[in-house]
Amino acid sequence: MLSFCGPPRPVRRLSRRDVLQVGGLAFGSLTLPGLLRSEAVAESASVARPKSVIMVWLRGAASHIDSWDMKPDAPPEIRGEFNPIATSVPGIQICEHMPRQAEMMDRLAIIRGIRGIDLGDHTPQFIVTGFPDRGKRPAFGSIVSKLQGSTGGVPAFVANYDYHQRAMYTGPAHEPFMPRGEGIENLRMNRDIPLERLGERTRLISQFDSFRRDLDRHAAADALDPFTVQALDIITTAKARDAFDLNQESDETHHRYGKFCETFLMARRLVEAGVRVVSVKVGDWDTHEKNFIDHKDQLPKLDQGLHALVTDLYDCGLQDDVAVVVWGEFGRAPRISRGDGRDHWPEAAAAVVAGGGFKTGQVIGETDRQAGESINTPYTPSNVLANLYAHMGIDTTQTLPDFSNRPMHVLDDRRLVTELL
């Protein structure tokens, strides 16, 4: 981390190492100058609050048939141990271990029968990019960061995991900021640094400019521009740092969200501060064995956190500005297998959507009597992402150049989940 502390030293010509150090003030893997540069090329700022998306990944894939797509009339080896309960919307039932969601079903939409892909592991590639091919496309948050930039001194894209959340050909400035370790530390200015010391930044930039010609052939050259100056301004303010400080929330608020879903509380604070995309992973739902034991433990905790998040978004008047989607990388097999488990099942999954101005209080799609596949043309993660891009005001027909300078569409399958509109 760059340090401005210590006694004054004679002015000297900057070395390439100095330039890299200043230019590398980082939001995790995201550089501050790069973030600011992307902000500058985005559309002109509006007085309206920016739109945001909170994407919740249930890593390992929660069982749809034991949560949002129950089949109580199926044989015991299919329906499992849990019972459905009625919700606030007549005709919609969900798992008994999610009573808070049942209460606020009018604020939720359930999409059933989503067809995913099983790559043999638990990659969230399809749900974070909209493409089934592994490691070739940028994450949703990186696309948003590239096309819309950041707002008000906070990163555009924040994630608490980096598994397949890559910027790819959108560029390293659009990698997600990881709120841990060095990433958070880079938001903090050394307490011993008086603000007057930062007044020399104009002189620093002047030296950068004189040094530019020597670095034009290096990747670091793009750090040598006026946005590096603005990076220094960000670390003198508290907005980004405070957004991650959960200690500013009351004990009662922490209790409402619960420890299991503390990342939901952070996500709410971040979108309030202007972060465009927050992607979080919660729980471990890889239940090849002990499916019912693990779900009985985790579903109530997820239920608590999601209820708190959606309730707060409505209480803050953000239900149209912030979209929330909760889903896993695929579904779980209808038939119970060894050790009371359920195996991978890409043919059908479920997602929960809230906010975003979407039409809620409904179930979209229907699966067969075993929840094995959709009885209609199934939606895919790409279709859900098409709605999220539309919420953000992004045209999915536009293209971005890949590493070979070939134009790549934001999405290839751009069909919308029309029932949400």
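Below you will find a few notes about this structure. Remember, predicted model here, so these are calculated numbers, not experimental data.

## Quick look at the packing of helix 6 (residues 140-148) against helix 14 (residues 381-392)
(1) Moving on: Relative to each other, helix 6 and helix 14 sit at 25 degrees, their axes nearing to 12 Å. By the criterion of interaxial angle, the relationship of helix 6 to helix 14 is roughly parallel. Crossing of helix 6 against helix 14: the hand is right-handed. In this structure, helix 6 contributes Phe140, Ile143, Val144 and Gln148 to the contact, and helix 14 contributes Leu385, Leu388, Tyr389 and Met392.

## Quick look at the packing of aromatic side chains
(1) Moving on: A full pass over the atoms with the stated rule returns five aromatic pairs.
(2) Moving on: Taking 5.0 Å as the distance between ring centres and 85 degrees as the angle between the ring planes, the aromatic pair formed by Phe177 and Phe244 counts as edge-to-face. Of the two residues, Phe177 sits in the loop between strand 7 (157-159) and helix 7 (181-185) while Phe244 sits in the loop between helix 10 (239-243) and helix 11 (251-257), which places them 67 residues apart along the sequence.
(3) Moving on: Geometry around Tyr314 places Arg107 over its ring, the cationic atom sitting 3.9 Å from the centre.
(4) Moving on: One cation-aromatic arrangement involves Arg137 over Phe131; the distance from NZ or CZ to the ring centre is 3.8 Å.

## A look at the sheet that holds strand 8 (residues 277-281)
Sheets are built from strands that pair by backbone hydrogen bonding, the pairs being arranged parallel or antiparallel.
(1) Moving on: The strand order 7-8-3-9-12-6-13 describes an open sheet built from seven strands, whose pairing is mixed. The open sheet has two edge strands, strand 7 and strand 13 (362-364), and neither has a second partner. If you compare each strand with its neighbour and ignore which way they point, the axes differ by 15 degrees on average.
(2) Moving on: Two strands pair when backbone bridges link them, and strand 6 (residues 108-112) and strand 12 (residues 350-355) are joined in this way by five bridges, in the antiparallel orientation. In the strand pairing of strand 12, Ile111 is matched with Ala351.
(3) Moving on: In the packing of helix 12 (residues 262-273) onto the sheet, the strands contacted are strand 3 (52-57), strand 7, strand 8 and strand 9 (322-327), and the crossing angle to strand 8 comes to about 175 degrees.
(4) Moving on: Strands in contact with helix 13 (residues 291-315) are strand 3, strand 6, strand 9 and strand 12; relative to strand 9, the strand with the most contacts, it is inclined by about 165 degrees.

## Concerning the environment of Asp245
(1) Moving on: Secondary-structure assignment places Asp245 in the loop between helix 10 and helix 11.
(2) Moving on: Take Asp245: its relative accessible area is 27%, and that puts it in the partly exposed class.
(3) Moving on: Spatially, the C-alpha atom of Asp245 lies 10.0 Å from that of Leu270, the residues being 25 residues apart in sequence.
(4) Moving on: Polar side-chain contacts of Asp245 include one of 3.1 Å to the backbone nitrogen of Asn247.

## Quick word on empty space enclosed by the protein
(1) Moving on: Considering all chains together, one arrives at three cavities of 30 Å³ or more under this definition.
(2) Moving on: In the lining of the largest cavity, the residues fall into seven nonpolar, one polar and no charged.
(3) Moving on: Taken as a whole, the second largest cavity spans an internal volume of roughly 50 Å³.
(4) Moving on: As for the second largest cavity, its lining consists of Ile114, Gly116, Ile127, Trp327, Gly328, Glu329, Phe330, Ala349, Ala350 and Pro381.

About the thresholds
Residues numbered from 1 in each chain as written. Predicted model: local features only at pLDDT ≥ 70, side-chain atom pairs only at ≥ 80, totals over all residues. Heavy atoms only, no water. Axes fitted to C-alpha atoms, helices over the stretch in contact; angles between N-to-C directions. Helix = DSSP H or I, 4+ residues; strand = E, 2+ residues; numbered from the N terminus. Parallel < 35°, antiparallel > 145°, perpendicular 65-115°, else oblique. Left-handed = near helix turned anticlockwise from the far one by under 90°. Contact = heavy atoms within 4.5 Å. Phe/Tyr/Trp six-rings, centres within 6.5 Å; stacked < 30°, edge-to-face > 60°. Lys NZ or Arg CZ within 6 Å of the ring centre and 35° of its normal. Pairing = 2+ DSSP bridges. Buried < 20%, exposed > 50% of the residue type's maximum accessible area, 1.4 Å probe, protein only. Polar contact = N/O pair within 3.5 Å; in protein donor to acceptor, adjacent residues only side chain to side chain. 1 Å grid on protein atoms, 1.4 Å probe; cavity = no way out; pocket = protein on both sides within 12 Å on 5 of 7 lines; lining within 4 Å. Points joined across faces, edges and corners; volume = space filled by probe spheres on them. Nonpolar A, V, L, I, M, F, W, Y, C, P; charged D, E, K, R; others polar.

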